[in-house]
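Summary of the model geometry
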Number of protein chains: 2
Amino acid sequence: MSPAPRPTPPARPQPPYPLLFSPARVNRLELPNRVVLTAMVTRLSGADGFVNQPITDRYVRYARGEPGLIVVEATAVHGAKSGPLLRLSGDEFILGHQQLLAQMRAVGPGKVALQIIHFLKIARSGWRQTVDMLTRAELTEIAKAYAQAAARAREAGYDAVELHMAHAYTLSSMLSARNRRRDEYGGRSLEARLRLPSEVLVQVRAAVGADYPVGVRFDAEEAIKGGYGLTAARPIALRLAQLGADYLSLSAGGKFEDALHKIGEPLYPYTGYSGDRTMPPAAYSNGANVYLAESVKQYVNAHGYAVPVVTTGKINTPELAETILAREQADLIGLARALLADPDWPQKARAGRADRIVRCIYGNICKNLDENFEQVRCGSLWPRPFLHAPDQPDDNTPPDWPDADAELTVKLQDNGAIRLTWRAARDPQGVYGYEVFRSVNQGPFVHLTSTLTATHVDDVALAGNHYVYHVRAYDFAGNRSAPSQPAGCTIPVSISVPPGRTLTLDGQVAAEHLS
Amino acid sequence: MSPAPRPTPPARPQPPYPLLFSPARVNRLELPNRVVLTAMVTRLSGADGFVNQPITDRYVRYARGEPGLIVVEATAVHGAKSGPLLRLSGDEFILGHQQLLAQMRAVGPGKVALQIIHFLKIARSGWRQTVDMLTRAELTEIAKAYAQAAARAREAGYDAVELHMAHAYTLSSMLSARNRRRDEYGGRSLEARLRLPSEVLVQVRAAVGADYPVGVRFDAEEAIKGGYGLTAARPIALRLAQLGADYLSLSAGGKFEDALHKIGEPLYPYTGYSGDRTMPPAAYSNGANVYLAESVKQYVNAHGYAVPVVTTGKINTPELAETILAREQADLIGLARALLADPDWPQKARAGRADRIVRCIYGNICKNLDENFEQVRCGSLWPRPFLHAPDQPDDNTPPDWPDADAELTVKLQDNGAIRLTWRAARDPQGVYGYEVFRSVNQGPFVHLTSTLTATHVDDVALAGNHYVYHVRAYDFAGNRSAPSQPAGCTIPVSISVPPGRTLTLDGQVAAEHLS
């Protein structure tokens, strides 16, 4: 413990985010705001592919938070065997989607799209089917399946359909610079790699009509050796715009080529570096992939196409989202893990209560669950045994500390990391978790991370600086406890710093650039 | 052949690049301009580690082109066995460096730095030593070896020394998020990972004095799974600035962790995706890593440090270099492959003759030669059997075409790529190569690629567009032939484009965004 600046006062309602909460047009559809829940696997479906209760619960929960557009997870256009995955490969699946939509629409104003996907076979041996193995007849079947599934999505009542052309799946593998086909659908020509994705988009459009919103998601960078980068992504985007795509949702990576093979399990994408680029972990800067969207958007706009571009990847705050829109780096803000962590992110931000958001820490436990073929939940932040984000109860009583003292202690470890421990808080309806705030050298307190348990190790503190922490407990309603008494320590300098030199950080700047 | 726009007239002298050719200060050193030849392996040294004739020839050739700073390739601070690699592990190596410098200084005004490196053991089995295997005594030895080598670099007369903390080598592996040490030099703490690099910088400074320029090269992103990104790169940069680094040269990737192991050969970095990030191939956009430098520079500058930041990675033209400086995304422009392709790049640009630059096409044959343990040359552009970039002879006679006709023909292939062939040009002193220019839909002709032989396949042409090409031959003096007669073709649209839609590109925009 040491002298410390005063903790920040409890947050006041903040001004809203005028660009983020302005409507956006996608074809004839008007989105009430610019927050897009990008498609994210849940592994909640049954193997039969029908909408079930856990799927319904998950998406109704999202709808309640009021994002402008919810993209329901990748749904197979074909009947291939796979793990738990929604399907729309036949009319028998439509009813479930209608019922899902009815329940989502009852709780929120957001529009709802369905992402549809075709994928190839994988085996536990590590073998996988690649696009160069497909016959021309099979390519024809794939385009037809996309068109039929899109028509079913419309029939089910979805506001839009999104064609999955990203990551490790069939259409992305056609676009890939590593497409090894030698015919008009691949080989060493961008036009040939574009052919099947173009045909799919055209046939989908013919099936759903001119006025039905059709979006496309694809990789702005493959992030694998020999993969394509922006020089291909820009013309790919333009082609999709020219063929009438109503929005372009940009992702990165997520490929099979660098996937780690676990013996006895099918090869799974996202397990290599390219998967880190899809879902940037905490070590990446906020908005890590925004530069990709900016470049693609500039190119498409310069050609006269105003098609909205969705950017995603560790966009951690409404402030950052608003800045991206203000800089015209993108038109729509894709959030996935941030909305998994807290589906109420949009309505809290709009209400000027961004301080109540349960902030994703990009710990990627969700990603690890998926990689291990387990149901996806927020393992970093949701208390067990929640399978979905907790609802906000009607509760105005914040948590507090026993004897009004959190007993926050900090301990400097040998390796220079700082271990924080504190007492568990109390709340009549249960404590949800804790937020850890840090001030460097008398600078402002900034959210460092959130935890489920009453401990954290700060491994990014630097020698020669004074760190002060406080923690706040929060409950399921979002009520915050008073901040704990602060606790701090200085990391000693054990290297011989030359005279006149200092390792001191500017507390204000450090706060602005936490990640 | 088809109707075509007129070819562009022969290039006129262009205005120079005022920022690129303004001086820059590095400690007490004044660089005459802002072009930096970043360190690049040559494999020209003998296994004994002494400066030899091929090394001398290579660097004298670079010096003649007049970059502001030449960083001589990674030179070992220790005596470990390795392939062809310069050494400065003992005083006996100093004389050779003195002689090299005398010859470089005789031909150009550029300043010269030496990059010094420590690396760990690798075996043909694929085994490699990692930093967690090093004893504390070995760490002490490493810091001492850096300090001694830096003192020898100063004694040899180098204008600066650069500490290699990038890619797959010892100090980068200490900084790495995948450093597995559990003590004060690693484990899960950024401060601990910074310790040895900090100690090395401090001890080097003590050895060379306050007024001797000491630069550091390190990764702004590791580009491997679990590696660090900008959130660590920014504080790493700040620490180096605080400890008195005189410039920060940013690279990316180049790691062992994703290297491809060739049976029977030692594991070699740069062979995986992370190596593509170090030396972005043609599929990446120009200035592919500039966003990393911009972020690091902002952070360091915001803390009050004006230390110059070097950015590198597919900076293909003086125009782009000038733009980067104008936008304050970096302070110095690192070129490696571009100067390998044409060491005269700086003086041609300064003289307003950028049109005479032999333009790197980022084909990475140089990288492949290195990966195959062969001497590094520009295999894309240098005529065989040149081991170094050809000198510019005194010659004002441009190449021409037999019978004044290049007989340029274009042939559309089944996969949508366009094959160009033309007749070989003639030149009294020999033809160096050919430049291929392309116009899309009557837009301006833009340099598409350069070739050694009279053929090229354009694999990025798109359906529904009219492409016209011309080629120019160039000789060793940089003289360009008249453009060939143009030849063009339209790629037919074979997908059914919806009514009212077009696949046509805007020729002007396409020209501005070629890559």
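See the structure shown above.
One numbering rule holds for all chains: residues counted from 1, following each sequence as written. Written order decides the labels, with chains lettered from A and ligands numbered from 1. Where local features are concerned, this predicted model is filtered to residues with pLDDT of at least 70; where side-chain atom pairs are given and counted, the filter is 80 or more; whole-chain, interface and lining totals use all residues. The basis for the side-chain values is all heavy atoms of the structure; hydrogens and waters are excluded.

What follows covers empty space enclosed by the protein. Cavities and pockets were defined on a 1 Å grid built from protein atoms only: a cavity is a group of points that admits a 1.4 Å probe but offers it no way out, a pocket is an open group of points flanked by protein on both sides within 12 Å along at least five of seven lines, and a lining residue is one with an atom within 4 Å of any such point. Grid points are joined across faces, edges and corners, and a volume is the space filled by probe spheres set on the points. Following the criterion strictly, the structure yields 15 cavities of 30 Å³ or more and no others. There is about 100 Å³ of room inside the largest cavity. Any residue that is not Ala, Val, Leu, Ile, Met, Phe, Trp, Tyr, Cys, Pro, Asp, Glu, Lys or Arg is counted as polar, Gly included; the first ten are nonpolar and the last four charged. Class assignment for the residues of the lining of the largest cavity results in six nonpolar, three polar and two charged.

This part takes up the pattern of salt bridges. The rule for a salt bridge is simple: a side-chain nitrogen of Lys or Arg has to be within 4 Å of a carboxyl oxygen of Asp or Glu. Tallied over the entire structure, the rule returns 63 salt bridges over all chains. Notably, a salt bridge pairs A:R61 with A:D391, separated by 3.1 Å at the nearest N-O pair. Placement of the pair is A:R61 in helix 1 (residues 53–64) and A:D391 in the loop between helix 12 (365–371) and strand 12 (409–412), with a sequence separation of 330 residues. Think of it in three bands: residues with accessible area under 20% of the maximum for their type are buried, residues over 50% are exposed, and the middle band is partly exposed, with areas taken using a 1.4 Å probe on protein chains only. Judged by relative accessible area, A:D391 falls into the partly exposed class, the value being 44%. When the shortest N-O distance is used, the salt bridge between B:R423 and B:E407 registers 3.4 Å. Residue B:R423 is found in the loop between strand 13 (418–421) and strand 14 (431–440), and its partner B:E407 is found in the loop between helix 12 (365–371) and strand 12 (409–412); the two are separated by 16 residues along the sequence. Owing to a relative accessible area of 45%, B:E407 belongs among the partly exposed residues under this scheme. In DSSP terms, a helix is any run of H or I states spanning at least four residues, a strand is any run of E spanning at least two, and both are numbered starting from the N terminus.

With that settled, the discussion passes to the interface of chain A and chain B. Between two residues, a contact is recorded if the distance between any of their heavy atoms is within 4.5 Å. Across the boundary between the two partners, chain A contributes 72 residues, which contact 71 residues of chain B. As a working definition, buried area equals the accessible area (1.4 Å probe) given up by two parts on being put together, with both sides summed. Roughly 5600 Å² is buried in total at the junction of chain A and chain B, and carbon and sulfur atoms are behind 56% of that figure. A salt bridge links B:K225 to A:D276, with the shortest nitrogen-to-oxygen separation between them at 3.9 Å. N or O atoms closer than or at 3.5 Å make up a polar contact, with two conditions inside protein: a donor-capable atom paired with an acceptor-capable one, and, for residues adjacent in sequence, both atoms drawn from side chains. Where chain A packs against chain B, one counts 27 residue pairs in polar contact (both at pLDDT 80 or more). Its residues assigned to classes, the side of chain A that touches chain B comprises 34 nonpolar, 21 polar and 17 charged.

To continue, consider the relation of the copies chain A and chain B. Alignment of the copies relies on least squares applied to C-alpha atoms, considering only residues that score at least 70 for pLDDT in both. Mapping chain A onto chain B calls for a rotation angle of 180° and an axial translation of 0.0 Å; the resulting RMSD is 0.0 Å. In symmetry terms, the pair is related by a two-fold rotation axis. Taking the C-alpha atom as reference, chain A places A:Y291 closest to the rotation axis, 3.8 Å from it. Counting the interface residues of chain A, we find that 99% of their copies in chain B are interface residues as well, pointing to one common contact surface.

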